[in-house]
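# Fold and geometry: a report
What follows is each chain in one-letter form.
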Amino acid sequence: MGTPLCGRLVAAGHSVTVSDLRPEREEAVRSLGADWAPSATAAAGADVLITVVPGPEEAAAALPDAVFAALAPGAVWIDMTSNSPAAARELRERADAHSVDVLEAPMGGGPDDAEHGRVRLFVGGSAEVLDRCGPLLEAVTTSDRIRHMGGPGTGCTTKLLINLLWFGQAAATAEALLLGRRAGIDLTTLRDTLADSAAGSDFIRRDLSALFAGDYLRSYGLDRIHDQLKAITDEAQDLGTPHELADTVLRIHRLALERFGPVDGELLAVALLEEAAGTLLRP
């Protein structure tokens, strides 16, 4: 995700310096017109620091106090990581200690959306800081795709809630399709009927075609998915709200992780259900 976002920032006229643990990324970064630095402490004097890393552990490791201390006075840190609310809170406190303003802006979408300026940003933080950073964020997506969710923590929670519902819909839809097929209903007919009914969803209308073609959407790790589902169920427990269905979605993905390992596949929980039914969801 970071490489196409870097390209859009450079194309918008911003001076960009990139750091990554993988030195092999340097050639791609320089080809976009950005500078390369061996570590994030090269952010010395930067007005804005943007992090795009896989999850909470990587965000914490990438942001020692020295990084925040090196930024310019009045700098802003924008975290586009799918972070957990608890981990984001600790990093926000670290940034606050160095008078660095913070915006959470976890993304919805994939690498193709990042390249073409279609990612959705779920922003948590000060409205004033968001206004100040608006022109920068509009270099990577359109203004209608930037949604201010509220104060600190709301951006991370929104992204996790979206993931919870999407993965829950995937599992529920797979169970319904497996049952329908066993009952003798043609899968394509059932898919089209569900899509045009009160049970219709973007998952059914947009994503089922990939599954029917045997594509388990191998763009994101099953271990990452499990960790994000665990983070939102932990948040529900901390805030005292019911989470029985969320626990079920988490349990199915934990079983999928035990079965398949930490491999890429956003729909591997569906593959687990297919195995249990002894059939594949292919028309």
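None of the values given here were measured: they were computed from a predicted structure.

How each quantity is defined
Residues numbered from 1 in each chain as written. Predicted model: local features only at pLDDT ≥ 70, side-chain atom pairs only at ≥ 80, totals over all residues. Heavy atoms only, no water. Helix = DSSP H or I, 4+ residues; strand = E, 2+ residues; numbered from the N terminus. Buried < 20%, exposed > 50% of the residue type's maximum accessible area, 1.4 Å probe, protein only. Contact = heavy atoms within 4.5 Å. Areas by Shrake-Rupley, 256 points an atom, 1.4 Å probe, with all protein chains shown as cover. Lys, Arg positive; Asp, Glu negative; His and termini not counted. Charge placed at Lys NZ, Arg CZ, Asp CG, Glu CD. Polar contact = N/O pair within 3.5 Å; in protein donor to acceptor, adjacent residues only side chain to side chain. Salt bridge = Lys/Arg side-chain N within 4 Å of Asp/Glu carboxyl O. Pairing = 2+ DSSP bridges. Right-handed = clockwise from strand over helix to strand, strands pointing away. 1 Å grid on protein atoms, 1.4 Å probe; cavity = no way out; pocket = protein on both sides within 12 Å on 5 of 7 lines; lining within 4 Å. Points joined across faces, edges and corners; volume = space filled by probe spheres on them. Nonpolar A, V, L, I, M, F, W, Y, C, P; charged D, E, K, R; others polar. Arc of directions from axis to C-beta.

As a further point, take the overall build of the protein. Helices and strands together make up the secondary structure of the protein, namely 13 helices and 8 strands. Within the protein, buried positions represent 45% of all 283 residues. Taking all contacts inside the protein whose residues are at least 6 apart in sequence as the whole, residues at least 24 apart take part in 68%. Of the roughly 14,000 Å² of accessible surface on the protein, 53% is carried by carbon and sulfur atoms. Computing the positive centroid from 25 side-chain charges and the negative centroid from 41, the protein places the two 5 Å apart.

Tracing the sequence through the fold places Gln228 in helix H11 (residues 222-239). A polar contact is formed between the side chain of Gln228 and the side chain of Tyr220, at a distance of 2.6 Å.

Okay, the pattern of salt bridges next. The tally for this structure, following the rule as stated, stands at 15 salt bridges. The shortest N-O distance in the salt bridge between Glu26 and Arg30 comes to 2.8 Å. Here Arg30 and Glu26 lie together in helix H2 (residues 26-31), a separation of 4 residues that amounts to about one turn. One salt bridge connects Asp207 with Arg206, and the closest N-O pair in it is separated by 3.3 Å. The exposure class of Arg206 is exposed, given its relative accessible area of 53%. Within this structure, Asp101, Glu128 and Arg132 form a network of salt bridges that share partners.

What follows is about the pairing of strand S5 (residues 101-104). Inspection of the sheet shows strand S4 (residues 76-79) paired to S5 by 4 bridges, in the parallel sense. Among the inter-strand pairings, Ile78 is bridged to a residue of S5, identified as Leu103. In terms of handedness, the path from S4 via helix H5 (residues 85-96) over to S5 forms a crossover that is right-handed. Inspection of the sheet shows S5 paired to strand S7 (residues 120-125) by 2 bridges, in the antiparallel sense. If you follow Leu103 over to S7, its bridge partner there is Gly125.

Take empty space enclosed by the protein next. Tallied over the full model, the rule gives 1 cavity of 30 Å³ or more. Of the voids in this model, the largest cavity is the one considered here, and its volume is about 50 Å³. Where the lining of the largest cavity is concerned, the elements lending two or more residues are S4, H5 and S5. Of the residues belonging to the lining of the largest cavity, the class tally is 4 nonpolar, 2 polar and 3 charged.

Let us look at helix H9 (residues 187-195). All of the buried residues along H9 are Leu187, Leu190, Arg191 and Ala195. For H9, the angular spread of the buried residues around the axis is 130 degrees, confining them to a single face. Residues of H9 that are buried sit in contact with helix H8 (154-182) and helix H10 (202-212). A side-chain oxygen of the first residue of H9 lies 3.2 Å from the backbone nitrogen of Thr188; this N-cap is Asp186.

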